[in-house]
Amino acid sequence: MRVYELAKKLGCPSKQMALELRELGIEVKSYMSSITAEAAQEVLDLYAKKPAAPPPLLKEISITDPITIGELAPKLELSPANLIKNLLDQGKTYTINQHLSGELAKEIAEGYGFKVKEVIPLEEVEMSLVEEAEAAEDLKPRPPIVTIMGHVDHGKTKLLDAIRTTDVVAGEAGGITQHIGAYKVRVNQGEVTFLDTPGHEAFTAMRARGAQVTDIVVLVVAADDGVMPQTREAIDHAKAAGVPIVVAINKIDLPAANKDRVKQQLSELDLLPEEWGGKTIFAEISAKHKLGIENLLEMLLLEAEMLELKANPDKKANGVVIEARLDKGRGAVATLLVQDGSMKVSDPIVLGQYWGRVRAMLNDKGQKVAVASPSTPVEVLGLSGVPQAGDAFFVVDSEREAKQISSKRQSIHREKAAKVAHRLSLDDLYRKIQEEGIKELDIIIKTDVQGSCEALKESLEKIGSGQVKVKVKVIHQGVGAIKESDVMLASASNAIIIGFHVRPANPDVKELAEKEGVDMRMYRVIYDVTSDIKLALEGLLEPEIREVIIGLVEVRQLFKVSKIGAIAGSYVKEGKITRGAEARLIRDGVVIYEGKIASLRRFKEDVAEVATGFECGITLVDFQDIKESDIIEVFTTEVIPKKL
Ligand code: GDP
């Protein structure tokens, strides 16, 4: 055995071990020296007789994230005033009620010689107020919560309507359908809850806000049209969320219906029907003629059974805000979907930043209900403000507690308002891999043509990152400009977006990406993509060349001049444009050309520069195929010096 190994075994520094061995008369040259088994045993025996090591000097504390100075000070055995003063001496200004991030609080505590055992997110602390110990026998099956997705016009809305009318209780109760954002239907075998906003956009927007509501996705595919772009998107969005898919082949009443083709197409996308040896449930329906609806509902209950969806109806409720608004006569109104527990009239609740005492609950038939059990959507009155869709809600013990939590959340919200959410980015990927142990890098790729989509996906997924062992996974790929739903998917899945010969579809998309903190990168060469990702995985990516967009121009009219070619009569929408500058031509979000501005004219005069709000004539170097409403992006590249 070597000295350092023995030291490690006994939990003492190698140097001390070496000295002790020498005192025992054992020859030791370095920590690497070997010692005999007898000598090692001698030391082990000696240590066994030694009194137990004194307790560690560091005091252990746990903190919440965030935490106020007022809450942190007593943990550090200081008065808040002292803590504030000490921080001020270090040049940091804080007030007693200001919130520190868990990370910063930890740093401060360690500075005072405390060991921070755990940093608990505040929401968990709050949630633990409602979490009661529950035994397995308390859990009862609950209805599945279902979202309908699919391509436009494939019949999502029609299906939601058809399902609503199959409700066996609807007729007898005589209620009038209310659109509150979700509804529950009862069929003979059980109940199913549907979210009323179909499509993957709403689904992923909720997820980006941290709410996972849906248990099963029904993918509607029209039998006459087959798999279309939004069908693929829906599949990727559901998969990224890990939610199982049940396929509904719709419009089987049409003569052009081709069910087998749909099955074939979906099989290629990993949705293999059970009858073909796969695992995916397929139902054939006609939403218009209400055919096969009951069967679809049965299939959903079957899938739910396999998922073993359970909740405890006997505890205090928690769940998600589905939608909320300010009603003229009734004040703040929200539709809450109970995910666990049961909610009763007069329960005190916290929703997002607000609180309330449930004054009345109405179901989707406009009827008053006294108790809402798991998977039940209800419209709730009696709230202090309008929460956001996707906010979590939970019932607490008292109105006082509800108010306290809500006011704390509001102050955190005010402090946070200016900050941008930060998702994963290539620049800090390596740090996150090291610190947070990220195992997978999720990527969304958008390209100009299908061919490069496949090629890019293949080369990306091939990147086996030697030491760090991070898997690169393309969670969604598509052709065309980058859209809002791509950004939301990236936000919800902590993925980055790679645009290959494409751009964001419009300025709103770029703005959304900035707001959501989503890293969006544009490339022109596959090698550059793979090399950047490789470098980022190894922590070696350095931003060296940055593109700066200096102007945006819209082509309004075209002139063909025999000797010169195509002159684009254009309008400078943003920034400015200069002759000889680098430029790219974008059509429907796809980069068509990249080169330089050849000439720039105003009223037949050559000019060097044209500013925002002015019109001008532009020609591009070696490029004639300009069309009306093309966008010309003018940019320069800046070289950022390497950090030493
Ligand atoms: P969504 O965009 O997916 O919500 O589609 P809609 O529910 O609005 O339906 C689009 C169109 O398809 C409408 O004109 C419907 O009447 C029609 N449609 C929906 N389901 C069926 C069906 O089962 N058979 C036939 N023939 N038409 C249908």
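Below: a short report on this structure.

Reading the values: rules and limits
Residues numbered from 1 in each chain as written. Predicted model: local features only at pLDDT ≥ 70, side-chain atom pairs only at ≥ 80, totals over all residues. Heavy atoms only, no water. Helix = DSSP H or I, 4+ residues; strand = E, 2+ residues; numbered from the N terminus. Buried < 20%, exposed > 50% of the residue type's maximum accessible area, 1.4 Å probe, protein only. Polar contact = N/O pair within 3.5 Å; in protein donor to acceptor, adjacent residues only side chain to side chain. Expected span 1.5 Å × (residues − 1). Arc of directions from axis to C-beta. Contact = heavy atoms within 4.5 Å. Phe/Tyr/Trp six-rings, centres within 6.5 Å; stacked < 30°, edge-to-face > 60°. Lys NZ or Arg CZ within 6 Å of the ring centre and 35° of its normal. Salt bridge = Lys/Arg side-chain N within 4 Å of Asp/Glu carboxyl O. Core = buried A, V, L, I, M, F, W, Y, C linked by side-chain atoms within 4.5 Å. Near = heavy atom within 4 Å. Areas by Shrake-Rupley, 256 points an atom, 1.4 Å probe, with all protein chains shown as cover. Pairing = 2+ DSSP bridges. Axes fitted to C-alpha atoms, helices over the stretch in contact; angles between N-to-C directions. Patch = residues over 30% accessible without salt bridge, like charges linked within 9 Å, V, L, I, M, F, W, Y side chains within 5 Å. Lys, Arg positive; Asp, Glu negative; His and termini not counted. Charge placed at Lys NZ, Arg CZ, Asp CG, Glu CD. Parallel < 35°, antiparallel > 145°, perpendicular 65-115°, else oblique. Left-handed = near helix turned anticlockwise from the far one by under 90°. Nonpolar A, V, L, I, M, F, W, Y, C, P; charged D, E, K, R; others polar.

### A short note on the side chain of K446
Secondary-structure assignment places K446 in strand β21 (residues 440-447). For K446, a relative accessible area of 3% gives the class buried. For K446, the side chain forms a polar contact with the main-chain oxygen of A481, separated by 3.1 Å.

### Focus: helix α16 (residues 450-462)
Along its 13 residues, α16 runs 19 Å from first to last C-alpha, staying within 8% of the 18 Å computed at 1.5 Å per residue. Along α16, the residues classified as buried are S452, C453, L456 and L460. The buried residues of α16 occupy an angular sector of 105° when the element is viewed end-on, so they sit on one face. In α16, the exposed residues that point more than 90 degrees away from the buried face are E458 and K462. Looking at the packing, one finds that the buried side of α16 touches β21, β22 (471-479), β23 (496-500) and α19 (526-537).

### Here we look at the packing of aromatic side chains
By the definition in use, this model includes two aromatic pairs. In this structure, R584 is placed above the aromatic ring of F635, and the distance from its NZ or CZ to the ring centre is 4.2 Å.

### Observations concerning the pattern of salt bridges
Close approach of charged atoms allows side chains of opposite charge to pair. As enumerated under the stated definition, the model contains 33 salt bridges in all. Ionic pairing is found between E191 and R186, a salt bridge with its closest N-O pair at 3.1 Å. You can call E191 partly exposed: its relative accessible area is 23%. Classification of R186 by relative accessible area gives partly exposed; the value is 40%.

### Focus: the nonpolar core
With 27 residues, the main nonpolar core has L159, I163, F194, L297 and L300 as its most contacted residues. Listed by contribution, the elements that provide at least two residues to this core are β6 (145-150), α8 (156-164), β7 (182-187), β8 (190-195), β9 (216-222), β10 (245-250) and α13 (293-307). Of all the elements, α13 adds the most residues to this core, at six residues. Not counting residues within four places of it along the chain, the set of residues in contact with L300 comprises P144, V146, V192, F194, I216, V218 and V246. Counting 22 residues, the second largest nonpolar core, distinct from the first, contains I433, L456, I533 and L537.

### Regarding unusual backbone geometry
One can expect most non-glycine residues to show negative phi and most peptide bonds to be in trans. For the bond from D65 to P66, the omega torsion is -5°, close enough to zero to count as cis. Position of P66 among the secondary structure elements: in the loop between β1 (59-65) and β2 (67-68). In this model, D588 sits at a positive phi of 50°, which is unusual for a non-glycine residue. Take D588: it is sitting in the loop between β27 (582-587) and β28 (590-602).

### Overview of the site of the ligand
Residues in contact with the ligand amount to 15 residues; listed here are only the nearest, D153, K156, T157, K158 and D253. One of the side-chain nitrogen or oxygen atoms of D253 is found 2.7 Å away from a nitrogen atom of the ligand. In isolation the ligand has 580 Å² of accessible area, and contact with the protein removes 76% of it. Counting residues per element, the shell around the ligand draws most heavily on α8, at three residues.

### As for the sheet that holds β6
Ordered by their spatial adjacency, six strands build an open sheet running β7-β8-β6-β9-β10-β11, and the pairing between neighbours is mixed. Both outer strands of the open sheet, β7 and β11 (282-284), are each paired with one neighbouring strand and no more. Recorded for the sheet is a direction-independent mean angle of 30° between the axes of neighbouring strands. Across five bridges, β6 lies against β9 in parallel orientation. Bridging across to β9, G150 finds its partner in V220. Contacts between α13 and the sheet are confined to β6, β7, β8, β9, β10 and β11, with β8 contributing the most and set at about 95° to the helix.

### A look at the pairing of strand β20 (residues 392-395)
In the sheet, strand β13 (residues 318-327) pairs with β20 via three bridges, with the strands oriented antiparallel. Across the sheet, the residue bridging to N318 is F394, located in β20. In the sheet, strand β16 (residues 348-351) pairs with β20 via three bridges, with the strands oriented antiparallel. Bridging from a neighbouring strand, L351 pairs with F393 of β20.

### A few points about the sheet that holds β22
On the basis of which strands lie adjacent, the open sheet formed by four strands has the order β22-β21-β23-β24 and parallel pairing. With partners counted over all chains shown, the strands left at the sheet margins are β22 and β24 (520-523), one partner each. Each strand axis lies, on average, 25° off the axis of its neighbour in the sheet, ignoring direction. For β23 and β24, the ladder comprises four bridges, and the chain directions are parallel. Note that in β24 the partner of I498 across the bridge is R521. Helix-sheet contacts for helix α17 (residues 484-493) involve β21, β22, β23 and β24, and the interaxial angle to β21 is about 175°.

### Describing a negative patch on the surface
A grouping of D65, E103, E107, E110, E123 and E124 is seen on the molecular surface, where their side chains present a negatively charged patch. At the level of elements, α6 (102-111) and α7 (122-130) are the ones that each hand at least two residues to the negative patch. Among the elements that make up the negative patch, the one with the highest residue count is α6 (three residues).

### Details of a nonpolar patch on the surface
A cluster of nonpolar side chains, namely F559, V561 and I564, defines an oily patch on the protein surface of about 240 Å² accessible area. Assessed through its relative accessible area of 33%, V561 is described here as partly exposed.

### Side note on the packing of α16 against α19
Relative orientation of the contacting elements α16 and α19 amounts to 25°, with a least axis distance of 10 Å. The orientation of α16 with respect to α19, classified from their angle, is roughly parallel. In this structure, the crossing between α16 and α19 has a hand that is right-handed. Along the contact surface, α16 presents A455, L456, S459 and L460, while α19 presents I526, V529, T530 and I533. Class assignment for the residues of the contact of α16 with α19 results in six nonpolar, two polar and no charged.

### Digging into the environment of R207
Mapped onto the elements of the fold, R207 is located in helix α10 (residues 200-208). Using a relative accessible area of 12% as the deciding quantity, one classes R207 as buried. Distance in space between the C-alpha atoms of R207 and G390 is 7.6 Å, their sequence separation being 183 residues. Contact partners of R207, with chain neighbours within four places excluded, come to Q212, A240, A241, L489, A492 and S493.

### Concerning the side chain of H151
Among the secondary structure elements, H151 is positioned in the loop between β6 and α8. When its relative accessible area of 11% is taken as the criterion, H151 is described as buried. Excluding residues within four positions of it along the chain, H151 makes contact with K156, V220, M228, P229, Q230 and T231.

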